[in-house]
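Coordinates in review
Spelled out, the chains give:
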Amino acid sequence: QQTNVFAFRKVGIFDRIAAIHARGGGASLSSSSSSSSSSLPLSSSSTNKITTTQRLLAGGASRCLAQMVLYPVDALRTLAQTRDGRTLADVGATALDGDARRPPSLSSIQFTIFGMCRDRFGPLVASAAGAAGSCLVSVPQEVIKQRLVTGVYSSFREAVPTIYKTEGILGFYSSWRPTMARNVPFVMATFVAMDFMKRKRLESNGGSSSSSGDYTEKKELSLLENAAIGMSAALAAGLLTQPVDVVKTRMMTQAASNQIPYKSAFDCVGTIVKNEGFFTLYSGLKQRAVYMCGLWGITFSLNSKFQQAMTKE
């Protein structure tokens, strides 16, 4: 008696959130009738391969919407981390709804790199590559956004030419080291944790063997499941990287303070601990927790739905 032997593979996080997919089916081996009853063939349905363009569109649209909704919370986080303890009373309520609220569509770079690399290199390497690649866009965005929030510049149109004129192109990449030191471990922890939780959730939802011996499995998570997993993963990663986030904010917003500038990221850490105490490195944690949980929860949920819509036959 012959039975089909299927090759199983993990599909990427953004490939319609499928944990196991039957890729083959033509190979066959001789086996006893007892081994036939233990085989677990999947259903014949398959997941369409998502293209790079679709990844860009889905990731960019989902992140864009999430950032626009949660920008006021991120602005409050920036103010809480400033050196001179600025508040809304100092900068005005317009800081919560300024030009920096317009996120670039290239934030989808992170999702695209991860989706392309995950199956080949695994979630750890793929998430690190995605974080590093996205910094080409995210660092200038952070520099402009945080200087707008703290009142260094009044508008996007003023910020861009002024930074270029006074600091050159490198001015847009000031404090790129602490930004990389925050983004890479944060994204790695978030994506790896989310990949693990989604896989486990899919397995727990999966299934059951029918009377015919076929193995049926739930191939998609619900909107709430995606949101819960994204929020949990982001919260865990945010707790680990909070001190680096404070250092990054301090370095990027030095122009808003009249105090002696920090010489380096290490000088920033030492000065904060010496003059303000160790727990100042966790300032803005509440605001960042709300922002990151909301950002990644919304992003992962919408990204999944957008990709499902794009690949739906």
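Since this is a predicted model, take the numbers as computed values, not measurements.

Definitions and cut-offs
Residues numbered from 1 in each chain as written. Predicted model: local features only at pLDDT ≥ 70, side-chain atom pairs only at ≥ 80, totals over all residues. Heavy atoms only, no water. Phe/Tyr/Trp six-rings, centres within 6.5 Å; stacked < 30°, edge-to-face > 60°. Lys NZ or Arg CZ within 6 Å of the ring centre and 35° of its normal. Helix = DSSP H or I, 4+ residues; strand = E, 2+ residues; numbered from the N terminus. Buried < 20%, exposed > 50% of the residue type's maximum accessible area, 1.4 Å probe, protein only. Axes fitted to C-alpha atoms, helices over the stretch in contact; angles between N-to-C directions. Left-handed = near helix turned anticlockwise from the far one by under 90°. Contact = heavy atoms within 4.5 Å. Nonpolar A, V, L, I, M, F, W, Y, C, P; charged D, E, K, R; others polar. Salt bridge = Lys/Arg side-chain N within 4 Å of Asp/Glu carboxyl O. Patch = residues over 30% accessible without salt bridge, like charges linked within 9 Å, V, L, I, M, F, W, Y side chains within 5 Å. Areas by Shrake-Rupley, 256 points an atom, 1.4 Å probe, with all protein chains shown as cover. Parallel < 35°, antiparallel > 145°, perpendicular 65-115°, else oblique. pLDDT = per-residue confidence, 0-100.

Summed over the entire model, instances satisfying the criterion amount to three aromatic pairs. The ring of tryptophan 296 has arginine 63 lying over it, and the distance from NZ or CZ to the ring centre is 4.8 Å. Across the ring face of tyrosine 262, the terminal group of arginine 83 is positioned such that the distance to the ring centre comes to 4.0 Å.

Mapping proline 178 onto the fold places it in helix α7 (residues 176–205). Look at proline 178 and you get buried, because its relative accessible area is 8%. C-alpha of proline 178 to C-alpha of serine 264: the two residues are 86 residues apart in sequence and 9.7 Å apart in space.

The N-to-C vectors of helix α8 (residues 223–252) and helix α10 (residues 285–311) enclose an angle of 140 degrees; their axes lie 7 Å apart at closest approach. Viewed along their axes, α8 and α10 form a crossing whose handedness is right-handed. In this structure, α8 uses Leu223, Asn226, Ala227, Gly230, Met231, Ala234, Leu235, Gly238, Leu239, Thr241, Gln242 and Asp245 to contact α10, whose residues at the interface are Leu285, Arg288, Ala289, Met292, Cys293, Trp296, Gly297, Phe300, Ser301, Ser304 and Lys305. Taken together, the residues of the contact of α8 with α10 break down into 12 nonpolar, eight polar and three charged.

Time to look at the pattern of salt bridges. Should their charged atoms come close, side chains of opposite charge can pair. One pass over the structure, following the stated rule, counts 12 salt bridges. Here aspartate 74 makes a salt bridge to lysine 145, at a shortest N to O gap of 2.3 Å. With aspartate 74 in helix α2 (residues 52–81) and lysine 145 in helix α5 (residues 123–149), the pair connects residues that are 71 residues apart, well separated along the chain. Summarising the burial analysis for this pair, aspartate 74 and lysine 145 share the class buried.

With that settled, consider the side chain of serine 134. Considering the arrangement of structural elements, one finds serine 134 in helix α5. The class for serine 134 is buried, based on a relative accessible area of 7%. Those residues in contact with serine 134, other than ones at most four positions away along the chain, are Ile109 and Gln110.

So, on to a nonpolar patch on the surface. Together, Val269, Val273, Phe278 and Phe279 give the surface a local cluster of nonpolar side chains, amounting to about 400 Å² of exposed area. Exposure remark for valine 273: the relative accessible area of 37% places this residue in the partly exposed category.

So, on to the packing of α2 against helix α4 (residues 109–121). Between α2 and α4, whose axes approach to 8 Å, the crossing angle comes to 140 degrees. Comparing their axes, α4 and α2 come out oblique. For the element pair α2 and α4, the recorded crossing hand is right-handed. Between α2 and α4, the residues in contact are Thr52, Arg55, Leu56, Gly59 and Arg63 and Gln110, Phe111, Thr112, Gly115 and Met116, respectively. Grouping the amino acids of the contact of α2 with α4 by side-chain chemistry returns three nonpolar, five polar and two charged.

Confidence in the prediction for the chain averages 74 pLDDT; 76% of positions are at 70 or higher. Confidence scores differ between elements of the chain, with helix α1 (residues 33–38) showing the lowest mean pLDDT of 34 and helix α9 (residues 265–276) the highest of 94.

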